[in-house]
Amino acid sequence: MLKQRLITAFTLGPLLLWAFVVLSDPYFAGLLALIMILGAKEWVVMARLPASMMLPYMVIVSLLIYGCWWLAENNENYTNLILYISCAWWLAGFIILYIYNSGHKNILSDRVLRSILGLVILLPPFTSIYILRKSYGIDMLFCLLFLIWFADSGAYFSGKRFGKNKLLPNVSPGKTWEGVAGAFVMSIIFSIVFAYYSDTVSDNNYLVFVLISFITVIFSIEGDLMESMFKRQVNIKDSSNILPGHGGILDRIDSLTSATPIFVTCLLLSGIE
């Protein structure tokens, strides 16, 4: 398993980063769309929809992604609305996780509701990642990606070494408050270093950017927990086996689904350009 995981990571990771750098906007949007459409395929299982609904759901997501891309190119106001809706959902998500952890296992179990939630979870990351590279540049996109990866690494090693106090045991038994602390420490260190050397973040916005990064990591942890909750409700370990050693697309982008809309919205509201 570890060998497969490393092979997949060291093959697809650099290839994906290279594509993010060299692809023109339309092809970059196409790559993002493909990732989200594959995520939609996996979400059909999460939503407990019949197999016959897989293709129609993927088509619907594809059309809506095209609509999001068109809005990102032509209408900033509606694009911002997509981000605000996403932020509202992820704010409500903290309450949902608390209710589920308290023993209410059937929360958000309705198929129609979960089908709609799939759109709320998958469309804003496409929009926000596209905006991030187009408006802020590849360095800020890489900043977000590495911020999440550093936070994940900090959480893993800190939780493994010091973890004793469970975060939400009924949602994800392996996650601890010590792991959360490790994620925060690593993310703060990374954001300080990035802000210091980046031309994008001015001296006036230095502390604001560090705060935005901290908030983003909080929501990235929530995204991971929400996917764990949805998987527990349908009794599956991984969203699929498309990525050897890593599970499915949703298993790899769960943190980004929540982090990217928050990160971009905070940048827009803060005035960082």
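Reading guide: rules and limits
Residues numbered from 1 in each chain as written. Predicted model: local features only at pLDDT ≥ 70, side-chain atom pairs only at ≥ 80, totals over all residues. Heavy atoms only, no water. Helix = DSSP H or I, 4+ residues; strand = E, 2+ residues; numbered from the N terminus. Axes fitted to C-alpha atoms, helices over the stretch in contact; angles between N-to-C directions. Parallel < 35°, antiparallel > 145°, perpendicular 65-115°, else oblique. Contact = heavy atoms within 4.5 Å. Nonpolar A, V, L, I, M, F, W, Y, C, P; charged D, E, K, R; others polar.

Here's the deal with the environment of Leu81
You can see Leu81 is positioned in helix 4 (residues 76-101). In sequence terms Leu81 and Pro124 are 43 residues apart; their C-alpha atoms lie 9.9 Å from each other.

Comments concerning the packing of helix 2 (residues 25-46) against helix 9 (residues 249-270)
Here helix 2 crosses helix 9 at 105°, and the two axes come no closer than 9 Å. Taken as axis vectors, helix 2 and helix 9 run roughly perpendicular relative to one another. On helix 9, the residues touching Ile35, Met36, Leu38, Gly39, Glu42, Trp43 and Met46 of helix 2 are Ile249, Leu250 and Ile253. Here the contact of helix 2 with helix 9 is composed, by residue class, of 8 nonpolar, 1 polar and 1 charged.

Some thoughts on unusual backbone geometry
For residues that are not glycine, phi is negative in most cases, and the peptide bond is trans in most cases. One non-glycine residue, Arg48, adopts positive backbone phi at about 60°. Non-glycine residue Leu108 carries a positive phi angle of around 60°. The topology assignment puts Leu108 in the loop between helix 4 and helix 5 (111-136).

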